[in-house]
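Each chain, letter by letter, is given below.
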Amino acid sequence: DILISMATFYKDIPEDWTSSKGWMVMYTYVLIDRVENSRNFYDKMPDFMSHYLPKEMAEGMQADGNFFEIFPITGIHLYSAKIQVMGTNSDVVYVYIFSILAIIILLIVSVNFINMFTTLVFKRIKEVGLRKIVGASKIQIASQLVVEALVYSLFAAFLAIGLCLSLLSYYNSITDLAISYVELLSYNNLFLVVGIAFLLGLSSSIYPAYLVSGHKISESVNSYSKNGTGVSYFRKGLIVFQFSLSLFILISTVVINQQMDFITNRDLGYNTDQLLSVRFYGKLRQELFESRNEIFNTLRTNPKISNVAQVSNLVGESLCMECFVPAEAGPEEDYPSVNKIWADENYLSTMDIELVKGRDFRAKTDTTTAFLVNEQLVKLWGKDVLGSMGQFRQQTGPIVGVFKDINFQSLHSKIDPLVICYNPSWTSNVLFKINGEDPVETMEFIESTYRERSPNSMIQFNYMSDQLRQLYSS
């Protein structure tokens, strides 16, 4: 939607950021003339790193393995599980699941169609005998039955398309999609539906048409009930197959429902009830931070606001992964990168995150870097970290507290080590804990308080509980 020149971008960025060779702020696109050359291009990346990066940084990156990785743009949406991607990725597994589900449903209704058509055909066995008496050939009878099945199947297909069109808006509303009529009626889709209908009609009619047309005239005229043991076993087998598939879908639905109940009712380690968030950007964020104490004091005068906090990332968002090591760690000691967020002294209390050991941040005493870590980081380091010094970006500070493990990311991900750094100036989100008596009036009060400082600021409220629901909606 918006293009900004690099000159404009660099104008508002601190100079020490632009001089950093490791500041990964951009997505880099490389056009390779032939796919075969991608391997050759990748093999030359170590030399590229050694040439352009500081020696220590290049050696460290290469020691970590394939730090730089090339990835085809067409594969990002379904095959990339990287953090800090442009948007929420999907997964090719979902494509397989829904494709299998569609095939199973199609098989169930196909079996229905085959059974019903077989029944109809054998009820007409006397008619077949009479047609043979008046001279109809075996091929003519079989062809008529096949054509009838194709007509039924194609009619059902067009009826199904009409039902899809009439229910499309409802389907979009319950799935949060935006499929248009044009997309639904694309040539590929229509060709696929008609093709499936044709194959279904053909496959469901060949076997009964072959059996019926092959009956002797005397058998056809005398009785239509002696369909033959083969036909009976065939139909019974189809019914068993159909019910097996139906049972599989029912069990799967129950399991999925249990999983969703688990996600909904699981204790995530924090409380998002009546928790609002507002994100501020750019120079406005800095201006508001400079008046932070005055604004917060004004906000706290409202009895409907119980707490206000600042944080860099909201739950569910991609986090910064950086190296965080004990200050006394030697160069030979290897510590993996960990998740990191920046927050103020009110974050834990606003989110109702339990402090296991130590203390929370203190605005008046923590004038330099200080850290809070979760229980997973204690396990990673394998020692009691409380009171020890941690180092991050050449900054050293005390680890003042250990908080309980929280599901900061989706429940599909395991809980990883997490470090909270005390630095309110590096935050972009303001959290408001309200009592919920009159949320609209409370939002208006918050908005008016900020607009006194910045009349043109864009203020958009989000309920954190809604954000969590969106996280699991897919």
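For the structure given in this document, a descriptive report is provided here. (Residues numbered from 1 in each chain as written. Predicted model: local features only at pLDDT ≥ 70, side-chain atom pairs only at ≥ 80, totals over all residues. Heavy atoms only, no water.)

### Some points on the side chain of D344
In step 1: For D344, the location among the structural elements is in the loop between β5 (338–343) and α16 (347–351).
In step 2: There is a polar contact of 3.1 Å between the side chain of D344 and the backbone nitrogen of Q310.
In step 3: Of note is the side chain of D344, whose polar atom sits 3.1 Å from the backbone nitrogen of N346.
In step 4: Apart from residues no more than four positions distant in its own chain, D344 is found in contact with R292, F296, V308, A309, Q310, F361, Y422 and P424. (Helix = DSSP H or I, 4+ residues; strand = E, 2+ residues; numbered from the N terminus. Polar contact = N/O pair within 3.5 Å; in protein donor to acceptor, adjacent residues only side chain to side chain. Contact = heavy atoms within 4.5 Å.)

### A short note on the pairing of strand β8 (residues 389–392)
In step 1: Taking every second residue as pointing to the same face, the buried face of β8 carries G390 and F392, while none of M389 and Q391 on the other face is buried.
In step 2: Here strand β4 (residues 325–326) runs beside β8; their pairing, made up of 2 bridges, is antiparallel. Looking at the pairing, V325 lines up with Q391 of β8.
In step 3: Sheet topology note: the β8/strand β9 (residues 395–403) ladder contains 4 bridges and is antiparallel. Bridging from a neighbouring strand, Q391 pairs with T396 of β9.
In step 4: Remark: 2 residues form the turn of the hairpin made by β8 and β9, two consecutive strands paired antiparallel; R393 in that turn has positive phi of roughly 50 degrees. (Buried < 20%, exposed > 50% of the residue type's maximum accessible area, 1.4 Å probe, protein only. Pairing = 2+ DSSP bridges.)

### Re the packing of helix α7 (residues 92–123) against helix α11 (residues 187–213)
In step 1: Where α7 contacts α11, the axes come no closer than 9 Å and their chain directions differ by 35 degrees. Classified by chirality, the crossing of α11 by α7 is right-handed. Contact with α7, carried on its side by L106, S110, F113, I114, F117, T118, V121 and F122, involves I196, L200, G201, S204, S205, P208, L211 and V212 of α11 and no other residues of that element.
In step 2: Residues that form the contact of α7 with α11 fall into these classes: 11 nonpolar, 5 polar and no charged. (Axes fitted to C-alpha atoms, helices over the stretch in contact; angles between N-to-C directions. Left-handed = near helix turned anticlockwise from the far one by under 90°. Nonpolar A, V, L, I, M, F, W, Y, C, P; charged D, E, K, R; others polar.)

### Here we look at the environment of Y210
In step 1: Examined against the element boundaries, Y210 turns out to sit in helix α11.
In step 2: For Y210, a relative accessible area of 53% puts it in the exposed group.
In step 3: Spatially, the C-alpha atoms of Y210 and V146 are 9.7 Å apart, while their sequence positions differ by 64 residues.

### Some remarks on the pattern of salt bridges
In step 1: Overall, the coordinates contain 13 salt bridges when judged by the stated rule.
In step 2: Linking R292 and E345 is a salt bridge whose minimum nitrogen-to-oxygen distance equals 3.3 Å. With R292 in helix α15 (residues 292–300) and E345 in the loop between β5 and α16, the pair connects residues that are 53 residues apart, well separated along the chain.
In step 3: Taking relative accessible area as the criterion, E345 reaches 17% and is therefore assigned buried.
In step 4: Overlapping salt bridges, with partners in common, bring together R292, D344 and E345 in one network. (Salt bridge = Lys/Arg side-chain N within 4 Å of Asp/Glu carboxyl O.)

### Looking at the nonpolar core
In step 1: Membership of the largest hydrophobic core comes to 29 residues, with the highest contact counts inside it found for Y347 and I420.
In step 2: Of all elements in the fold, only β5, α16, β9, β10 (418–422) and α19 (464–473) reach the threshold of two or more residues within this core.
In step 3: If we ignore the near neighbours within four places in the chain, the residues touching Y347 are A309, Q310, V311, I341, I353, F408, I420 and L431.
In step 4: In this structure, L284, F296, I434 and I446 belong to the second largest nonpolar core, which totals 18 residues. (Core = buried A, V, L, I, M, F, W, Y, C linked by side-chain atoms within 4.5 Å.)

### Observations regarding a nonpolar patch on the surface
In step 1: A surface patch of nonpolar side chains, amounting to about 1100 Å² of accessible area, comprises Y27, Y29, F71, I73, I76, Y79, M86, V95, Y96 and I100.
In step 2: Breaking the nonpolar patch down by element, the ones donating at least two residues are α6 (76–79) and α7.
In step 3: The leading source of residues in the nonpolar patch is α7, at 3 residues.
In step 4: With respect to the helices, strands and loops of the structure, F71 is situated in the loop between α5 (55–63) and α6. (Patch = residues over 30% accessible without salt bridge, like charges linked within 9 Å, V, L, I, M, F, W, Y side chains within 5 Å. Areas by Shrake-Rupley, 256 points an atom, 1.4 Å probe, with all protein chains shown as cover.)

### As for the environment of V255
In step 1: With respect to the helices, strands and loops of the structure, V255 is situated in helix α13 (residues 229–265).
In step 2: For the pair V255 and V378, spaced 123 residues apart in the sequence, the C-alpha separation amounts to 35 Å.

### Considering empty space enclosed by the protein
In step 1: Under the definition given, this model contains 1 cavity of 30 Å³ or more.
In step 2: Volume-wise, the largest cavity comes out at about 120 Å³.
In step 3: Along its surface, the largest cavity is lined by 15 residues, and R285, L288, F289, Q310 and V430 are the ones closest to its centre.
In step 4: If you list the elements that add at least two residues to the lining of the largest cavity, you get α14 (282–290), α15 and β11 (429–434).
In step 5: Residues that form the lining of the largest cavity fall into these classes: 8 nonpolar, 5 polar and 2 charged. (1 Å grid on protein atoms, 1.4 Å probe; cavity = no way out; pocket = protein on both sides within 12 Å on 5 of 7 lines; lining within 4 Å. Points joined across faces, edges and corners; volume = space filled by probe spheres on them.)

### What about the pairing of strand β7 (residues 371–374)?
In step 1: Taking every second residue as pointing to the same face, both faces of β7 are buried, with F371 and V373 on one and L372 and N374 on the other.
In step 2: Note that β7 and β9 share 4 bridges and pair parallel. Bridging from a neighbouring strand, F371 pairs with I399 of β9.
In step 3: Sheet analysis places β7 next to β10, joined by 3 bridges and oriented antiparallel. Bridge assignment links V373 to a residue of β10, and that residue is V419.

Spatial relationships are all this shows, so hold off on functional conclusions.
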